[in-house]
Amino acid sequence: GFMICEECYMDCVAAAGNCPGCKEAYSAGSDTDDSVDEDDDDAISSSEERDQMPMTSMSKRFSMVHSIKMPMPSSNGNGGGKPADFDHARWLFETKGTYGYGNALWPKNEHGGGGNTAGATSGFVGIEEPPNFGARCRRPLTRKTSVSQAILSPYRMLIAIRLVALGFFLAWRIRHPNPDAMWLWALSVTCEVWFAFSWLLDSLPKLCPVNRSCDLDVLADRFELPTARNPKGRSDLPGIDVFVSTADPEKEPPLVTANTILSILAADYPVEKLACYLSDDGGALLTFEALAETASFARTWVPFCRKHGVEPRCPESYFGQKRDFLKNKVRLDFVRERRKVKREYDEFKVRVNSLTEAIRRRSDAYNAGEELRARRRLQEEAVAAGGALGAAPLAETGAVKGTWMSDGSQWPGTWLTGATDHARGDHAGIIQAMLAPPTSEPVLGGVPAESGALIDTTGVDIRLPMLVYVSREKRPGYDHNKKAGAMNALVRTSAIMSNGPFILNLDCDHYVHNSAALREGMCYMLDRGGDRVCYVQFPQRFEGIDPNDRYANHNLVFFDVAMRAMDGLQGPMYVGTGCIFRRTALYGFSPPRATEHHGWLGRKKIKLFLRKPTTGKKTDRESDRRR
Ligand SMILES: O=c1ccn([C@@H]2O[C@H](COP(=O)(O)OP(=O)(O)O[C@H]3O[C@H](CO)[C@@H](O)[C@H](O)[C@H]3O)[C@@H](O)[C@H]2O)c(=O)[nH]1
Ligand SMILES: [Mn+2]
């Protein structure tokens, strides 16, 4: 349960309102929160009730919800009664391979292939009714807790005092002009008023910060327990596509990118629901080959993390940790396997470091061969033409020095020596899947002797998420729009390849520190009312900077104060990285609005977003009476 003050509780019960925690209607005759998980029958009956209720404020707010609901054949025939509270989470699951809301729709029956009018309608017919996850476990996934009054009240007092003092000061300044230097006085008063105003803008939003927490157990209960339609308890969590951007292998070393990728591949999330995309704006063969090395090292690293619950799952940070790595480790083979994996990681590092040289040497060899061949051809032509020997000696063969892949073909991206079609900002697009999408059933490893693995993976799932290398096409004269352009390209690429309903983006130097982070993000997205959440921003924490933080590099004020405070207002802002997006939110739906403006110059306002859902209460009471 959670804390609720007596007044609010009486208020809710008296008005037959909703529980502020789980947003469910209170059932009659219950006086404690425990009644929530009393029995399942109760849950089902009340959710059926909800289905008969008129459209609630929630569903009214969303154009998106309407567009999804329209083609739903199962609810109430065609139109007529409006289905109630749209449980968005039900449409995100993929256990049975039916792709729902936010995903491409792959109709089960074949006749959708026609493509034109017939395809549009039959697509929805093939979809069966999604499961009702909310009925399984009714506890809320997330909680909002306010910051304690002991901290907040003095802070608010301080702001009030400063505001008053500021008022007095400015009044005094304005009333006491300096007649000897009027322009100086006017200028400084203007500046002071401006600074006071900007301080006010900065302080007011900080008046009501909120804390949030999420409950991973509830998430597992809701989406990962076996049910009749999902007897093996395969995870019903929605897919997440993780985007990593890198631009220049010189400035952003491939090893750093590799660590980020490894932390994503090892994240604690259903493997078949996770996909990782690396966008390489440098179009560099070095990044490509480093990613291939990373994929092969991941075969050791990821099962190791899963088996021993290693944290953080970025090898560089894990092996660099100062604290005792044996803490809470009970498996006897841990020490031996850690030593093996550490050794393997060191070798992996050396392999990645040597790639630059290897690529250069390989390219030189191929280029020399090419040149030799070209020269011979020239000579033969000259001989065939007869005479004029020595007129055009060994000089121009016209061969450009290419960069070569290990399979003996030319790299389509940028070359070490720039050439047209192979330079920065002028190269073809490349998409290469480094790790194929995993099977939907777990694949368990075995003892090293049989499986050929480095460590004993008996009983450990050894599947790896899909990993894709993407370098979008760039041409001179077309602005590639840097990271934003890269993200756009990845949104499109991933829509075709995995099409997860959620997207997490990370810079190449931002690894996932907490392996449960993706699950935590999903708590916010899948909670009741979560369909109003477009994105969940994670805070950034920094490593390798001054521990005393003399220069405020940790950005604590921003991430721990300002963002929480903005959360209390309308929500934190997107800081450009480490953010889970709802895919459809990126596809250009208008955001939900508190007030809709109609009429001449938007003068007619319709409030859609009331603090106290009075309309909701009324309908509740009506349904009560009907009962
Ligand atoms: O043409 C480009 C240029 C940059 N990037 C990537 O963009 C990210 C951020 O670029 P960086 O130069 O590292 O900027 P920072 O100032 O370190 O980044 C912060 O500020 C940026 C906005 O200014 C945000 O986009 C970042 O997420 C945020 O971490 C990196 O992963 C780059 O690889 C590209 O993908 N393509
Ligand atoms: Mn950066």
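Computed from a prediction, not measured in an experiment: that's the story for all the values here. (Residues numbered from 1 in each chain as written. Chains lettered and ligands numbered in written order. Predicted model: local features only at pLDDT ≥ 70, side-chain atom pairs only at ≥ 80, totals over all residues. Heavy atoms only, no water.)

## Observations concerning the site of ligand 1
Formally: One heavy atom suffices: a residue is near a molecule or strand as soon as one of its heavy atoms comes within 4 Å of it. Polar contact is defined as a pair of N or O atoms within 3.5 Å, subject to the rule that within protein one atom must be able to donate a hydrogen and the other to accept it, and that residues adjacent in sequence are counted only when both atoms are side-chain atoms. In this description, accessible areas are obtained by the Shrake-Rupley approach with a 1.4 Å probe, and a residue is regarded as covered only by the protein chains that are shown. Each helix is a run of H or I in the DSSP string that is no shorter than four residues. Each strand is a run of E no shorter than two, and both are numbered from the N terminus. Asp, Glu, Lys and Arg are counted as charged, while Ala, Val, Leu, Ile, Met, Phe, Trp, Tyr, Cys and Pro are counted as nonpolar; the rest, among them Gly, fall into the polar class.
Near ligand 1 you find 13 residues, and of these Ser245, Asp281, Lys483, Asp507 and Gly576 are the closest. Within the contact set of ligand 1, a nitrogen atom lies 2.4 Å away from a side-chain nitrogen or oxygen of Asp281. If ligand 1 stood free it would expose 680 Å²; the protein chains cover 58% of that surface. Of all the secondary-structure elements, those providing two or more residues to the shell around ligand 1 are β3 (240–246) and α15 (482–497). Looking at the shell around ligand 1, its residues break down into 2 nonpolar, 6 polar and 5 charged.

## What about the UniProt feature "binding site: Mn(2+)" (unreviewed entry) in the protein?
We count it as follows: UniProt positions are given in the numbering used here, feature names are shortened, and annotations may be inferred rather than shown by experiment. The contact rule is simple, with two residues in contact once any of their heavy atoms fall within 4.5 Å.
This chain's UniProt record puts "binding site: Mn(2+)" (unreviewed entry) on Lys483 and Asp507. Spatial clustering of the annotated residues is evident: they stretch over 25 residues in sequence, but the largest pairwise C-alpha distance comes to 9.3 Å. Mapped onto the secondary structure, Lys483 falls in helix α15. Leaving out residues up to four positions away in the same chain, Lys483 has contacts with Ser245, Asn505, Asp507, Gly576 and Thr577.

## Some thoughts on a nonpolar patch on the surface
What counts is decided by this rule: Patch rule: a residue counts if its relative accessible area is over 30% and it has no salt bridge; like charges are joined within 9 Å, and nonpolar side chains (Val, Leu, Ile, Met, Phe, Trp, Tyr) within 5 Å. Note on definitions: salt bridges are taken to be side-chain nitrogens of Lys or Arg within 4 Å of carboxyl oxygens of Asp or Glu.
The grouping of Trp194, Phe195, Phe197 and Leu201 at the surface amounts to a nonpolar patch, some 490 Å² of accessible area in total. Tracing the sequence through the fold places Trp194 in helix α7 (residues 182–203).

## What to know about the pairing of strand β12 (residues 595–598)
Short version of the rule: Two strands are said to pair when DSSP picks up at least two bridges between them.
Sheet analysis places β12 next to strand β13 (residues 604–607), joined by 4 bridges and oriented antiparallel. Directly across from His597, in β13, lies its bridge partner Lys605. Where β12 hands over to β13, the hairpin turn is made up of 5 residues, of which Gly599 adopts a positive phi near 75 degrees.

## Focus: the UniProt feature "binding site: UDP-alpha-D-glucose" (unreviewed entry) in the protein
Within this numbering scheme, the UniProt entry marks Ser245, Lys251, Glu252, Asp281 and Lys482 as carrying the feature "binding site: UDP-alpha-D-glucose" (unreviewed entry). Position of Lys251 among the secondary structure elements: in the loop between β3 and α9 (254–265). Summarising the element assignment, Glu252 is placed in the loop between β3 and α9. Once residues lying within four places of it in the same chain are set aside, the contact partners of Glu252 are Thr246, Ala247, Thr257 and Cys508. Here the side chain of Glu252 touches Thr246 through a polar contact of 3.0 Å, side chain to side chain.

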